[in-house]
Structure formats: structure tokens, C-alpha cells
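Secondary and tertiary structure notes
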Amino acid sequence: MVKKILLSWVLLLATCFAVAQTQCGVVRTIARPDKKSEVLSGVVIRFKGYPNAVITSDDGSFDAVLVGKNEGDAIYFQSIRKSGYDLRDNGFLSRPSTFSTKVGIEIVMVDLEQLEKDKERIENNAYRVAEENYKNKLAILEEQKQKSEITAEKYRSELLELQNRYEKYLSLVGEMADRYARSDYEHLDSIDRRINKCIEDGELELADSLIHTVFDPYTVLDRNRAAKEEIRKRIEFAQAVIDKARADIEAIQRDKEYALRVIRLGETLAEEYIMNGDTEKAVGCLENTLEIIILIYGEDSEEADSMKSRIAQLRETL
């Protein structure tokens, strides 16, 4: 009888532990100018390091038990699949997500049939605009040459420049069409809408210029409002954990492992603030983290000195 009671308690504790390590989320389609986003059922999701897949329910939601994960830990998706659909963001699988029992993960997918239709429409219009502009500008050059309004050397120079711009334009068609077709209008800001309007009108060079002006050029085609929203959620969650940790000094002094997790989370949060262009908040976050480092390692420790140096470097950029 005692063994049965003990076994029941073990099973109950195991169940509670598993529930506490559950990551929830939802999968939906992108929203278009003329079509709202829809939840996706039957999406098969696998996480790296875990053999069992989870499948989204009728409301697009999923719950994945990730044993061994703590709040704020990095988790990676291994695959997200549904016939006829693709991930809106091709880089989603390669980036870490933040494990949280409180904050769900939003996954956005695109209907492949709709994707191809949108890309074809944008590409056809872009090629038409390119041909018209090339012919019109070439005709002007030819007329200027015939009327001797420009020298032969100037004509050759202008013709070469026209050809180079034409080829550059054509090189943008594929990536711009794909960018437009994968845009999620549920989280599209005014700048993104302006960029998409340029793409619709065949003004690809202007769209390219806007992208490089506003966003980091190394990730110009990956940045989107959904990603920014995910960052906002991670910042909100991480900030809450750090605030709680600062208020619970005794727990930090008691549990070094817990403190180390909070320190790592604080450093991750600071990077998120920097990515969002908020260096001031990044500095504040690292200063909070420094307090915890001092509690664990001491004021004059190498760890504290390293963090102080990092904070000083960031302050110089303010």
C-alpha cells in the first residue's frame, strides 16, 4: 500500500514537472491586403533534441513538453511541416526561440499556391516596367546622338550606364517578388507598406534603397514585423524574470545555478534591446545583471570587471 502511494506521488510529481515545462504556441497563415490570417491545423512540429512531434489542433495551437528546459532557455525547431505550405521566414528554423511557460510562440506560414501567384504577378509587372523604361531611355539617347546633342563618348558612357542599371534592376526582381509574396500584412508597419507599394509599382531600385536605409543590410530580406513582435515578447518575458530576480536577492544568494541562468538571460535581453536599437535599455539591463554578478562573484571579480567594461563601451555609443 505504501509503495502504491509513493508511486502515485512520483507519477503526480512527474506530470506536474512536465506541465511546468510545456511550450505553447500557434501556427497561422500570413495576412494579405485582401485576406485575413487563418489558423492552421494539422501542422507537424518537431523540436531539436526531442523525438516526439506535436500537431496543431483545430484552432492552430500546440503544446510541446520539453523536459529539461528552464524559463529563458534557447530552443530550436527542427522542422515545421504541412502539405502545401512553407514557413514565411526561411531563417526561422536556424534561429533560437526562447522557452517560456507563459509566452507562446507564433509561427507564420504561407500558402505555396498563393505565394507563386503573388510572385508571378510581381515579376511579370517588374519585367514589363523594366522593358518600358529601357526602351524609353534608349530612344532618348538615340535621339540625342542623332541630333549631336551628346558626343560619341558620352553616348557610349550613357548606354553602358543604362545597361548596368537595367541588369541591376533585373537582379532584384526575384528577391523582391519573394519578399512581397511573403509579407505578413498583420504585422506590417508604414515603412514596410511603402516598400511593398514600390515593389507593386515596379520601383524595385527605390524599394531596395528603402530597405537598406531602414534595416541592417545583412538581414534586409529577413526583417519583418512578426519577428519584431517575437523580439518584443521575449524582451517582455526576460525583463519580468530579471525584475523578479532582483527582488529575490535571498534566492539568488541561495541558488547559484538560478543566478547564472538569470545572468545569461540578462545578457540575452541586452542583445535583444541592441537589435531593437534601444542601447539605453540595454545598458540598464546590463547594470541590473551586474548587481547579480557582484552578489555571486564579488565587486572586484573578473566577471564584474568584464561586465563593467561592456557597460562602459555601450555608454560611449549613447
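Residues numbered from 1 in each chain as written. Predicted model: local features only at pLDDT ≥ 70, side-chain atom pairs only at ≥ 80, totals over all residues. Heavy atoms only, no water.

Topic: the nonpolar core
- Counting residues in hydrophobic clusters, the biggest one holds 26 residues, and the most contacted among them are Tyr-169, Met-176, Ile-195, Ile-199, Leu-204 and Ala-207.
- Elements with a minimum of two residues in this core: α2 (112-146), α3 (152-181), α4 (190-200) and α5 (204-214).
- Non-local contacts of Tyr-169, meaning those with residues more than four positions away in its chain, are made with Ala-126, Val-129, Ala-130, Gly-202, Leu-204 and Glu-205.
- Grouped together as the second largest cluster of nonpolar side chains are 19 residues, Val-43, Phe-47, Ile-75 and Met-109 included. (Core = buried A, V, L, I, M, F, W, Y, C linked by side-chain atoms within 4.5 Å. Buried < 20%, exposed > 50% of the residue type's maximum accessible area, 1.4 Å probe, protein only. Helix = DSSP H or I, 4+ residues; strand = E, 2+ residues; numbered from the N terminus. Contact = heavy atoms within 4.5 Å.)

Digging into a negative patch on the surface
- A cluster of acidic residues, Asp-300, Glu-302, Glu-303 and Asp-305, forms a negative patch on the protein surface.
- Within the element layout of this structure, Glu-303 appears in helix α10 (residues 302-315).
- Look at Glu-303 and you get partly exposed, because its relative accessible area is 37%. (Patch = residues over 30% accessible without salt bridge, like charges linked within 9 Å, V, L, I, M, F, W, Y side chains within 5 Å. Areas by Shrake-Rupley, 256 points an atom, 1.4 Å probe, with all protein chains shown as cover. Salt bridge = Lys/Arg side-chain N within 4 Å of Asp/Glu carboxyl O. Lys, Arg positive; Asp, Glu negative; His and termini not counted. Charge placed at Lys NZ, Arg CZ, Asp CG, Glu CD.)

Some points on the pairing of strand β2 (residues 44-47)
- Burial along β2 is one-sided: Ile-45 and Phe-47 are buried, and none of Val-44 and Arg-46, which face the opposite way, are.
- Judged from the 4 bridges that link them, β2 and strand β6 (residues 77-81) form a sheet pairing that is antiparallel. Looking at the pairing, Phe-47 lines up with Phe-77 of β6. (Pairing = 2+ DSSP bridges.)

A closer look at the sheet that holds strand β4 (residues 61-65)
- Taken in spatial order, the 4 strands of this open sheet run β4-β1-β9-β7, and their pairing is mixed. The sheet terminates laterally at β4 and β7 (85-87), the two strands that pair on one side only. On average, adjacent strands in this sheet sit at an angle of 35° to one another, irrespective of strand direction.
- Along the sheet, α2 contacts β7 and β9 (105-111); its crossing angle with β9, the most-contacted strand, is approximately 60°. (Axes fitted to C-alpha atoms, helices over the stretch in contact; angles between N-to-C directions.)

With respect to the packing of α3 against α4
- Remark: α3 packs on α4, axes separated minimally by 10 Å, with the N-to-C direction vectors making an angle of 130°. Compared by their axis directions, α3 and α4 come out oblique. In the crossing of α3 with α4, the sense of the turn from one axis to the other is left-handed. Of α4, the residues touching α3 (which contributes Met-176, Arg-179 and Tyr-180) are Asp-192, Ile-195, Asn-196, Ile-199 and Glu-200. (Parallel < 35°, antiparallel > 145°, perpendicular 65-115°, else oblique. Left-handed = near helix turned anticlockwise from the far one by under 90°.)

With respect to the confidence of the model for the protein
- Here the protein averages 81 in pLDDT, while 79% of its residues score no lower than 70.
- For residues 1-19, every residue scores under 50 in pLDDT, and the model assigns this stretch 2 contacts once sequence neighbours within four places are set aside.
- Here residues 215-225 scores under 50 on pLDDT; set against residues more than four positions off or in separate chains, the count is 22 contacts. (pLDDT = per-residue confidence, 0-100.)

Some words on the packing of helix α9 (residues 279-297) against α10
- Interaxial distance between α9 and α10 falls to 9 Å at its minimum, and their mutual angle equals 170°. With respect to their mutual orientation, α9 and α10 come out roughly antiparallel. Note on packing geometry: the crossing formed by α9 with α10 is left-handed. Note on element contacts: α10 touches α9 through Glu-303, Ala-304, Met-307, Lys-308, Arg-310, Ile-311, Leu-314 and Arg-315, opposite Thr-279, Ala-282, Val-283, Leu-286, Glu-287, Thr-289, Leu-290, Ile-293, Ile-294 and Tyr-297.
- Considering only residue class, the contact of α9 with α10 consists of 11 nonpolar, 2 polar and 5 charged. (Nonpolar A, V, L, I, M, F, W, Y, C, P; charged D, E, K, R; others polar.)

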